[in-house]
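Summary of the model geometry
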Amino acid sequence: MNRKGFTLIELLAVIVILGIILTFAVPNITNIYKESKLKTEGMFLNELSKSIDSYVTLNSDKIAFTKISDTVVKEEKGQSLSVTVYEGKISIKDLMDDQIIEENDYINPGNKDVICDKDSKIVEVYRDSDYVYCHKVKKEALNCLTDEYKNSLDSEYAIDTCIWKIGE
């Protein structure tokens, strides 16, 4: 008798082997997906930081700065210098109005479910008495970051380009 097909034992053996392979493969694929999402959010913040830098460089005269401290320490060439620091705030909408970024550039690709807030003044811009600029954005102010990414950050800031130690 000529039989075509597989026996039940052969089918069960293949199913067991596939199950073992999937047991090891699925967690790895899931981790790779999560890591790529976090890297994507990091790249989104890096591009946003570059855009803020461009805006501050081009439009520093438009930012209303107020003096916040005389006791800021700035490390320069191995020396600690005391400088006066001024603070201003800008919004992402300011960057859009000046065509530094477009609205579709301000979508976190790692979290497309939430629209980033562009209207509130979430970017803290600092200038010292030597006209050196830096900026900070608190991670809580960026409502479009995932909780997983926020938890991966050690600081309260998602973006921090400042070299000064304010209030110390």
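Presented here is a report on the structure given in the accompanying data block. (Residues numbered from 1 in each chain as written. Predicted model: local features only at pLDDT ≥ 70, side-chain atom pairs only at ≥ 80, totals over all residues. Heavy atoms only, no water.)

Our next topic: the overall build of the chain. Within the chain, the secondary structure is distributed over three helices and six strands. When the helices and strands of the chain are read in sequence order from the N terminus, they spell out α-β-β-α-β-β-α-β-β. In terms of C-alpha radius of gyration, the chain reaches 25 Å, well past the compact-globule figure of 15 Å for 168 residues. Considering only C-alpha atoms, the chain reaches an extent of 95 × 40 × 25 Å along its principal axes. Relative to its 168 residues, the chain shows a buried fraction of 33%. Within the structure as shown, the chain displays about 11200 Å² of accessible surface, and the carbon and sulfur contribution to it stands at 54%. (Helix = DSSP H or I, 4+ residues; strand = E, 2+ residues; numbered from the N terminus. Rg over C-alpha atoms; globule rule 2.2 N^0.38 Å. Buried < 20%, exposed > 50% of the residue type's maximum accessible area, 1.4 Å probe, protein only. Areas by Shrake-Rupley, 256 points an atom, 1.4 Å probe, with all protein chains shown as cover.)

Moving on: the packing of aromatic side chains. Counted under the stated rule, the structure contains two aromatic pairs. On the numbers, 6.0 Å between centres and 35 degrees between planes, the contact of Phe-44 with Tyr-106 is tilted. Residue Phe-44 is located in helix α1 (residues 8-59), and its partner Tyr-106 is located in the loop between α2 (92-97) and β3 (123-128); the two are separated by 62 residues in the primary sequence. Assessed through its relative accessible area of 7%, Phe-44 is described here as buried. The class for Tyr-106 is buried, based on a relative accessible area of 4%. (Phe/Tyr/Trp six-rings, centres within 6.5 Å; stacked < 30°, edge-to-face > 60°.)

Now for the pattern of salt bridges. Under the criterion given, the structure shown has seven salt bridges. When the shortest N-O distance is used, the salt bridge between Lys-62 and Asp-98 registers 3.6 Å. With Lys-62 in the loop between α1 and β1 (66-76) and Asp-98 in the loop between α2 and β3, this pair connects stretches of sequence that are 36 residues apart. The partner of Asp-94 in a salt bridge is Lys-121, and the shortest N-O contact between them spans 3.4 Å. Here Asp-94, found in helix α2, pairs with Lys-121, found in the loop between α2 and β3; they are 27 residues apart in sequence, far enough to count as distant. (Salt bridge = Lys/Arg side-chain N within 4 Å of Asp/Glu carboxyl O.)

So, on to the nonpolar core. Counting residues in each nonpolar core, the largest one holds 26 residues, and the members touching the most others are Ile-52, Tyr-106 and Leu-142. Listing elements by their share of this core, those giving two or more residues are α1, α2, β3 and β5 (157-160). Ranked by the residues each element gives to this core, the list is headed by α1, at six residues. If near-sequence neighbours (up to four positions away) are discounted, Tyr-106 is found in contact with Phe-44, Leu-48, Ile-92, Met-96, Ile-101, Cys-116, Asp-117, Lys-118, Ile-122 and Leu-142. Listed in part, the six residues of the second largest apolar core include Val-83, Val-85, Cys-134 and Trp-164. (Core = buried A, V, L, I, M, F, W, Y, C linked by side-chain atoms within 4.5 Å. Contact = heavy atoms within 4.5 Å.)

This part is about the state of the cysteines. Within the structure shown, the criterion is met by two disulfides. Note that Cys-116 is cross-linked by a disulfide to Cys-144, the S-S spacing being 2.0 Å. Around the S-S axis, the bridge from Cys-116 to Cys-144 shows a dihedral of about 90 degrees and counts as right-handed. You can see Cys-116 sitting in the loop between α2 and β3 and its partner Cys-144 sitting in the loop between β4 (133-138) and α3 (147-152), a full 28 residues away along the chain. Residue classification places Cys-116 among the buried positions, given a relative accessible area of 7%. Two residues share a disulfide in this structure: Cys-134 and Cys-162, whose sulfurs sit 2.0 Å from each other. The sign of the 80 degrees torsion about the S-S bond sets the Cys-134-Cys-162 disulfide as right-handed. With a gap of 28 residues between them, Cys-134 in strand β4 and Cys-162 in the loop between β5 and β6 (164-165) connect regions that are remote in the sequence. A single burial state applies to Cys-134 and to Cys-162, both of which are buried. (Disulfide = S-S within 2.5 Å.)

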